[in-house]
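Residue-level listing of the chains:
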Amino acid sequence: MLIILLFLSEFLIGSIAFVFRGGLKRTLANELRFGIEEHYNATDRGSIIAPSVAAIWDNVQMSFECCGVSSYEDWYDIKSWSGKRWVPESCCRPIYENRGILIEGSGDSVLRVDCGRSENPTLWWDKGCAQSLQTWLTDKLDVIGVVGLGIAFAQLFGLITSMLLFCTVKHKKDSDTYKSYSPSIDPQTRPSSWED
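Here, residues in each chain are numbered from 1, in the same order as that chain's written sequence. Per-residue local features are limited, in this predicted model, to residues with pLDDT of at least 70; the limit for side-chain atom pairs, both in listing and counting, is 80 or more; totals at the level of whole chains, interfaces and linings are taken over all residues. With hydrogens and water set aside, each side-chain value is computed from the structure's full complement of heavy atoms.

- As recorded in an unreviewed UniProt entry, the protein chain goes by Tetraspanin and comes from Musca domestica.
- UniProt positions are given in the numbering used here, feature names are shortened, and annotations may be inferred rather than shown by experiment. Under the UniProt heading Subcellular location (unreviewed entry), the entry covering the protein chain gives this text: "Membrane".

Below you can see the structure in the form of structure tokens.
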């Protein structure tokens, strides 16, 4: 019964996710924006086991070369830098990034510009991470589908095997050739018969 319930619940969750996929995308985007606005703290890096929201966002933005959920404007006026039009350093393009510092000029007139706080959108990635993540998931859909089908077939095999075992035991119990071995009868003291 447990395998049947697990199989049905997975099927139900998959069907609901498929039917409401448009709403799920919007909800996910809204939740990601809320996480940026309320929980991003550039100084809190967390740990290896439990990274902070800032560490996760920085890793995603550097890996996918994106900025924000839909664009870099998602970072404007968040709780960490209220009233500012800043972005994290992970939004900076590599050609402008030297640990977050852009060095312009030469000689005595070297100007150090903090890329994320420069308020210059040409220095930042212009595409949002939601689109990049969706493209990545679409590319990996073959692998996800194969893994999902493998799990489904393993569960189906377990379900069929358990049902065959259940039916075989029930059939043997109901048949005339089934012998009941009672633990109250000691096999040493019981007289042997030709039926044994």
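**Quick notes on the pattern of salt bridges**
Part 1 of the reasoning: The term salt bridge refers to a side-chain nitrogen of Lys or Arg lying within 4 Å of a carboxyl oxygen of Asp or Glu. Inspection of the entire model under this criterion finds three salt bridges.
Part 2 of the reasoning: The salt bridge involving aspartate 74 is made with arginine 33; its shortest N-O contact spans 3.3 Å. Of this pair, aspartate 74 sits in the loop between helix 3 (53-64) and strand 1 (101-104) while arginine 33 sits in helix 2 (residues 21-39), and the two are 41 residues apart along the sequence.
Part 3 of the reasoning: Judged by relative accessible area, aspartate 74 falls into the buried class, the value being 13%. Numbered from the N terminus, helices here are DSSP runs of H or I no shorter than four residues, and strands are runs of E no shorter than two. Residue burial is assigned from relative accessible area. The probe radius is 1.4 Å, only protein chains are included, and a residue is buried under 20% of its type maximum, exposed over 50%, and partly exposed in between.

**Focus on the state of the cysteines**
Part 1 of the reasoning: Cysteine sulfur atoms that come within 2.5 Å of each other are treated as a disulfide pair. What the rule picks out here adds up to three disulfides.
Part 2 of the reasoning: Paired by a disulfide, cysteine 66 and cysteine 129 hold their sulfur atoms 2.0 Å apart. Taking the torsion about the S-S bond as the criterion, the cysteine 66 to cysteine 129 disulfide, at about 95°, is right-handed. Taken together, the residues span a long stretch of sequence, with cysteine 66 in the loop between helix 3 and strand 1 and cysteine 129 in helix 4 (residues 129-139) at a distance of 63 residues.

**What about the side chain of aspartate 74?**
Part 1 of the reasoning: Polar contact is defined as a pair of N or O atoms within 3.5 Å, subject to the rule that within protein one atom must be able to donate a hydrogen and the other to accept it, and that residues adjacent in sequence are counted only when both atoms are side-chain atoms. Reaching out from aspartate 74, the side chain makes a polar contact with the backbone nitrogen of valine 69 at a distance of 2.8 Å.
Part 2 of the reasoning: What makes two residues a contact is simply this: any of their non-hydrogen atoms within 4.5 Å. Discounting residues that sit within four places of it in the chain, aspartate 74 has contacts with Arg33, Ile36, Gly68 and Val69.

**Digging into the nonpolar core**
Part 1 of the reasoning: Here, the term nonpolar core denotes a set of buried Ala, Val, Leu, Ile, Met, Phe, Trp, Tyr and Cys residues that are joined through side-chain atoms within 4.5 Å. In this structure, Tyr40, Trp57, Cys67, Trp75, Val87 and Trp124 are the most contacted members of the largest nonpolar core, which totals 22 residues.
Part 2 of the reasoning: Not counting residues up to four positions away in its chain, the partners in contact with tryptophan 124 are Tyr72, Tyr76, Arg85, Val87, Cys91, Cys92, Arg93, Cys115, Gly116, Ser118 and Glu119.

**Quick word on the packing of aromatic side chains**
Part 1 of the reasoning: Ring geometry is summarised as follows: Phe, Tyr and Trp rings, the Trp one being its six-membered ring, pair when their centres sit within 6.5 Å, and such pairs are stacked at plane angles under 30 degrees, edge-to-face over 60 and tilted between the two. Taken as a whole and assessed by the stated rule, the structure comprises eight aromatic pairs.
Part 2 of the reasoning: Ring centres 4.7 Å apart and planes at 70° place the aromatic pair tyrosine 40 and tryptophan 75 in the edge-to-face group. Of this pair, tyrosine 40 sits in the loop between helix 2 and helix 3 while tryptophan 75 is found in the loop between helix 3 and strand 1, placing the two residues 35 residues apart along the sequence. For the pair shown, tyrosine 40 and tryptophan 75 are each scored as buried.
Part 3 of the reasoning: Note on tyrosine 40 and tryptophan 81: the rings are 5.8 Å apart at their centroids and 65° apart in plane angle, and the pair reads as edge-to-face. Of this pair, tyrosine 40 sits in the loop between helix 2 and helix 3 while tryptophan 81 sits in the loop between helix 3 and strand 1, and the two are 41 residues apart along the sequence. The pair formed by tyrosine 40 and tryptophan 81 is uniform in burial state, with each residue classed as buried.
Part 4 of the reasoning: Chaining the aromatic ring pairs together yields one cluster made of Tyr40, Trp57, Trp75, Trp81 and Trp86.

**What to know about the UniProt feature "transmembrane region" (unreviewed entry) in the protein chain**
Part 1 of the reasoning: Within this numbering scheme, the UniProt entry marks residues 143-169 as carrying the feature "transmembrane region" (unreviewed entry).
Part 2 of the reasoning: Regarding residues 143-169, the helix share stands at 100% and the strand share at 0%, and the terminal C-alpha atoms are separated by 39 Å.

**Considerations on helix 2**
Part 1 of the reasoning: To estimate how far a helix should extend, the number of its residues minus one is multiplied by 1.5 Å. Taking 1.5 Å of rise per residue, 19 residues should cover 27 Å, and helix 2 covers 26 Å from first to last C-alpha, within 8% of that figure.
Part 2 of the reasoning: Within the span of helix 2, buried status applies to Ala29, Gly35 and Ile36. Down the axis of helix 2, the smallest arc covering the buried residues is 120°, so these residues share one side. Opposite the buried face of helix 2, by more than 90 degrees, sit the exposed residues Arg26 and Glu31.
Part 3 of the reasoning: Elements that come into contact with the buried residues of helix 2 comprise helix 3. Taking the helix axis as origin, the arc is that swept by the directions to the C-beta atoms.

**Looking at a nonpolar patch on the surface**
Part 1 of the reasoning: On the surface, Leu12, Ile16, Phe18, Val19, Phe20 and Leu24 cluster together into a nonpolar patch covering about 630 Å² of accessible area.
Part 2 of the reasoning: It is helix 1 (residues 2-19) that contributes the most residues to the nonpolar patch, four residues altogether.
Part 3 of the reasoning: Position of leucine 12 among the secondary structure elements: in helix 1. Patch building starts from residues that exceed 30% relative accessible area and form no salt bridge, then joins like charges within 9 Å and nonpolar side chains (Val, Leu, Ile, Met, Phe, Trp, Tyr) within 5 Å. Per-residue and other accessible areas were derived by the Shrake-Rupley procedure at a 1.4 Å probe size, with only the shown protein chains allowed to occlude residues.

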